[in-house]
Amino acid sequence: EKSSGTKRAREEMLSLERDASAAAATALRYLVRHGLNQNCAEATGLCLSTLVEVVGIVRPTILEPILPDLLRSLLLAMSGLEPNALNYLQLRTTDQEGLERARLQLSQSGPLASAVN
């Protein structure tokens, strides 16, 4: 009896894991394909925040099928979040190299950069 109870508990745990993996994969696909293309900045921000959180907790095998789309979406989101002041400075500064260093530092910090890495 003890062995059968352990086996049943193990099977139930595996079933829950499969369900959780399927839910995470579905959420990731939706967020990557549709979530970041919102007209409302707040909706895009919520999708981005959720995407970064999900990426941080799912298993790598769940990310594999959507990795190219995920990276493309995160990189586009990073460029879209770049402060407009940097574009303004690009037109008016003679230190283009320093400006690019600042852009690089901004892009390497924050939750998006950690999700990409």
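Just so it is clear, the structure is predicted and the values come from calculations on it, not from any experiment. (Residues numbered from 1 in each chain as written. Predicted model: local features only at pLDDT ≥ 70, side-chain atom pairs only at ≥ 80, totals over all residues. Heavy atoms only, no water.)

K.L.:
So, the nonpolar core: which residues are in play, and what are the values?
P.N.:
Among the nonpolar cores identified, the biggest contains 18 residues, and Leu-28, Leu-51, Val-58 and Leu-70 are the most heavily contacted of them. The set of elements that each furnish at least two residues to this core consists of α1 (2-35), α2 (41-57), α3 (60-63) and α4 (67-80). With residues up to four places along the chain from it excluded, the contact list for Leu-28 reads Leu-51, Val-54, Val-55, Val-58, Ile-62, Leu-63 and Ile-66. (Core = buried A, V, L, I, M, F, W, Y, C linked by side-chain atoms within 4.5 Å. Buried < 20%, exposed > 50% of the residue type's maximum accessible area, 1.4 Å probe, protein only. Helix = DSSP H or I, 4+ residues; strand = E, 2+ residues; numbered from the N terminus. Contact = heavy atoms within 4.5 Å.)

K.L.:
Provide a residue-level description of the pattern of salt bridges, including the pertinent values.
P.N.:
Per the counting criterion, the structure on display carries 2 salt bridges. Here Glu-17 and Arg-59 are joined by a salt bridge, their closest N and O atoms 3.0 Å apart. Note that Glu-17 is positioned in helix α1 and Arg-59 in the loop between α2 and α3, a separation of 42 residues in sequence. The class for Glu-17 is partly exposed, based on a relative accessible area of 33%. With relative accessibility at 47%, the residue Arg-59 sits in the partly exposed group. Residue Asp-69 is joined to Arg-72 by a salt bridge in which the shortest nitrogen-to-oxygen separation is 2.7 Å. Here Arg-72 and Asp-69 lie together in helix α4, a separation of 3 residues that amounts to about one turn. (Salt bridge = Lys/Arg side-chain N within 4 Å of Asp/Glu carboxyl O.)

K.L.:
Requested: an account of the side chain of Thr-44, with residues and values cited.
P.N.:
Along the chain, the position of Thr-44 falls in helix α2. Excluding anything up to four places from it in sequence, Thr-44 contacts Gly-35, Leu-36 and Gln-38.

K.L.:
Report on the state of the cysteines, specifying residues and quantitative values.
P.N.:
One covalent bond between the sulfur atoms of two cysteine residues makes up a disulfide. Applying the stated criterion to the full structure yields 0 disulfides. With no disulfide of its own, Cys-40 has Cys-47 as its nearest cysteine by sulfur position, at a separation of 9.7 Å. Judged by relative accessible area, Cys-47 falls into the buried class, the value being 13%. (Disulfide = S-S within 2.5 Å.)

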